[in-house]
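Breakdown of the fold
Given next are the chains, with one letter for each unit.
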Number of protein chains: 2
Amino acid sequence: MPDSVLVHSPATLSNLGCGFDVFGLALAAPYDAVRIRRTAEPGVRIQHLDPYGLPTEPTRNVAGVALLALLREVPEEIGFDVEITKGIMPGSGVGSSAASAAGAVVGANALLGNRFSKMQLVDFAMAGEVVASGARHADNIAPAIFGGFTIVRAVEPALDILALPAPPLWVAVVHPQIEVKTSDSRKVLPANVPLGLAVRQWANVAGLVAGFLTADYELIGRSMDDYIVEPARLPLIPGLAEARKRALAAGAIGGGISGSGPSIFMLNQTEATAQAVGEALGSVFAELGIAFHIYVGPVATEGARVICES
Amino acid sequence: MPDSVLVHSPATLSNLGCGFDVFGLALAAPYDAVRIRRTAEPGVRIQHLDPYGLPTEPTRNVAGVALLALLREVPEEIGFDVEITKGIMPGSGVGSSAASAAGAVVGANALLGNRFSKMQLVDFAMAGEVVASGARHADNIAPAIFGGFTIVRAVEPALDILALPAPPLWVAVVHPQIEVKTSDSRKVLPANVPLGLAVRQWANVAGLVAGFLTADYELIGRSMDDYIVEPARLPLIPGLAEARKRALAAGAIGGGISGSGPSIFMLNQTEATAQAVGEALGSVFAELGIAFHIYVGPVATEGARVICES
């Protein structure tokens with residue numbers, strides 16, 4: 001068993017339009033790099049080699065909390081030294097906290113002979129999400145651990161995660177530099193939804209799963225429409241409607257808000273289309289005078305993984 | 001082109017638990033037999049060779065209304081004579097009206113050189129459903145026309161139906177002889193649902209589609225739970241909770257109310273299990289002193305089809 005490993009842990013899209021709190025998709029980039037070393041000294045020590053000023057006290061750091069949850073299931077007296085280099089900007093809506101938590105537990109598991117299942121790792125990493133967002137949710141953690149397309153069918157009474165292959169897809173993401181707090185983006189959600197609208201939403205959920213499993217890109221595109229969450233969050237993200245319009249004109253299959261925003265994602269069949277769509281997305285925010293980052297890359301078939309050991 | 005055809009049109013399950021107004025499944029039995037003959041005389045004439053006393057005036061008969069909708073798209077001056085022998089009891093909740101409407105339009109299409117697509121036939125047959133239930137819905141029509149497992153992703157602005165292969169499955173249905181009017185069973189539904197419950201429901205919808213497409217029987221079973229519609233309809237169907245309990249004990253994968261009831265369906269992996277489950281379902285209603293019918297058969301891969309021509 002190695003003493004130290006370096007893990008790359010991917011950014012992830014959650015919701016994918018219609019599937020609020022359920023669907024997830026892993027991206028090849030950006031990613032967080034997590035170096036983790038087993039120590040004889042118990043406990044967890046965290047360093048951040050990035051400029052984001054995140055808390056490094058283990059009980060307030062998503063990776064720290066996830067590792068403490070894992071250590072509670074380890075009888076040996078050991079600990080971990082962790083160095084995190086975030087490639088995923090916090091607050092971007094592409095699973096930044098999930099990536100750090102997932103990377104940490106995948107690395108720790110490698111240092112422990114891979115004794116835990118992926119489902120257990122999701123469970124540990126979800127403890128980290130509570131620190132980040134106040135809720136124990138798995139929609140970013142699941143794809144960060146399993147890769148590909150994931151369905152969180154249930155969190156309680158037991159975790160039930162389905163990891164399914166995604167057809168080849170290229171993703172364009174624009175991250176406008178505006179702050180949307182997860183707590184704010186939860187507050188605007190309706191407490192109740194009309195049954196008829198819920199039916200239209202789960203019809204799209206059914207269509208999206210069928211589209212992914214049969215590699216039917218047109219079906220994926222027309223099934224992503226979100227009748228419930230996106231309309232509520234639209235006022236939080238200036239430029240969203242125009243961004244979607246230009247992205248579709250540039251050839252995107254479809255897309256929407258990534259997680260609770262502010263990032264906007266678009267799925268595409270080819271790299272060339274994804275590049276053009278990325279430019280189309282960026283043009284909207286350039287005109288609005290809002291700084292932005294663009295990410296273009298394929299869907300990742302693997303989740304967080306050990307890149308090298310020593 | 002034949003002058004006359006005999007069509008067998010299958011019973012269908014709608015909703016399948018979690019997928020209210022969206023999912024459908026075609027059964028090999030029971031079925032309606034529809035004999036239809038092309039006539040030089042315009043209009044539609046209907047005879048029922050069964051004991052159910054259904055209206056035969058074309059504008060009040062589901063098959064009649066469906067055929068009148070079809071004839072509006074036929075430039076020739078022709079008409080149809082129709083003889084219907086219902087094998088599916090009206091009001092049973094296994095798509096009785098859908099079967100007659102679907103059988104009629106599939107037969108008429110054969111007499112017209114199959115000029116209409118299946119999607120157009122669904123559209124015509126849905127006009128018949130309005131007579132039966134007051135609503136233009138396709139969740140029984142879709143499997144009655146396409147066979148197998150169907151998803152009605154959208155009805156408006158355009159019909160979007162996905163016909164997917166179902167893994168081998170045996171269905172046990174109990175039809176207790178109690179009357180549940182579709183209109184009553186709609187009335188008990190909540191106008192609004194809590195967002196959290198809607199999310200749990202669409203997580204199951206996602207799981208059920210994934211289960212069907214990957215032939216994962218356990219996933220199908222645990223994904224069928226309906227948090228919204230079945231709880232509201234439970235009081236309308238005495239014996240439902242006990243029937244489910246005994247069916248699961250006898251080996252059923254899962255099940256629920258068929259359509260708006262009163263029939264209860266259970267999915268099973270083998271014929272032997274389905275037979276045992278059928279007996280278990282029947283035992284509940286025997287003890288309650290409620291007369292019942294049991295149907296056991298496989299999922300039908302085909303929908304309504306021409307059995308012979310002359």
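Because the structure is a prediction, the values reported are computed rather than measured. (Residues numbered from 1 in each chain as written. Chains lettered and ligands numbered in written order. Predicted model: local features only at pLDDT ≥ 70, side-chain atom pairs only at ≥ 80, totals over all residues. Heavy atoms only, no water.)

Residues and elements named next belong to chain A. Here the domain parsing of chain A yields domain 1 (4-165 + 300-309) and domain 2 (170-297). Taking the mean C-alpha position of each, domain 1 and domain 2 sit 24 Å from one another. Listed per partner, the contact involves 25 residues of domain 1 and 30 residues of domain 2. Both faces combined, the contact of domain 1 with domain 2 buries some 2200 Å², and carbon together with sulfur accounts for 69% of it. Counting the surface domain 1 buries against domain 2, the share from its top three residues, Cys 18, Phe 20 and Met 89, is 25%. Between the two partners, domain 1 and domain 2, sit one salt bridge. Residue Asp 21 pairs with Arg 186 through a salt bridge whose shortest N-O separation is 3.0 Å. For the pair domain 1 and domain 2, the interface holds seven residue pairs in polar contact (both at pLDDT 80 or more). (Domains from an automatic or database assignment. Contact = heavy atoms within 4.5 Å. Buried area = accessible area lost by both parts, 1.4 Å probe. Salt bridge = Lys/Arg side-chain N within 4 Å of Asp/Glu carboxyl O. Polar contact = N/O pair within 3.5 Å; in protein donor to acceptor, adjacent residues only side chain to side chain.)

If you rotate chain B by 180° and push it 0.0 Å along the axis, it lands on chain A with an RMSD of 0.0 Å. Accordingly, the operation relating the two chain copies is best matched by a two-fold axis. Residue by residue, 100% of the interface of chain B is reproduced at the interface of chain A, so both copies engage with the same surface. (Least-squares fit on C-alpha atoms with pLDDT ≥ 70 in both.)

All names here are of chain A. Read across the sheet, four strands follow the order 9-10-7-11 without closing on themselves; strand pairing throughout is antiparallel. Of all the strands in the sheet, the pair left with one neighbour each is strand 9 (254-257) and strand 11 (292-298). Direction aside, neighbouring strands of the sheet carry axes that sit 15° apart on average. For strand 7 (residues 170-176) and strand 11, the ladder comprises seven bridges, and the chain directions are antiparallel. Pairing of Pro 176 across the sheet is with Phe 292, part of strand 11. Against the sheet, helix 10 (residues 271-288) engages strand 7, strand 10 (264-268) and strand 11, with an angle of about 15° to strand 7. (Pairing = 2+ DSSP bridges. Helix = DSSP H or I, 4+ residues; strand = E, 2+ residues; numbered from the N terminus. Axes fitted to C-alpha atoms, helices over the stretch in contact; angles between N-to-C directions.)

All names here are of chain A. Applying the stated criterion across every chain yields a total of six aromatic pairs over all chains. Where Phe 116 meets Phe 124, the ring centres are 5.0 Å apart and the plane angle is 85°; that geometry is what we call edge-to-face. Per residue, the accessibility class of Phe 116 equals that of Phe 124, and both read buried. Through successive ring pairs, a cluster of aromatic residues spans Phe 23, Phe 149 and Phe 212. (Phe/Tyr/Trp six-rings, centres within 6.5 Å; stacked < 30°, edge-to-face > 60°. Buried < 20%, exposed > 50% of the residue type's maximum accessible area, 1.4 Å probe, protein only.)

Attention shifts here to the pairing of strand 9 of chain A. Residue and element names in this part refer to chain A. Relative to strand 10, strand 9 runs antiparallel, the two sharing four bridges. Residue pairing for strand 10: Gly 254 is matched across the bridge by Leu 267. Between strand 9 and strand 10, which pair antiparallel and follow one another directly, the connecting turn spans six residues, one of which, Gly 259, has a positive phi of 55°.

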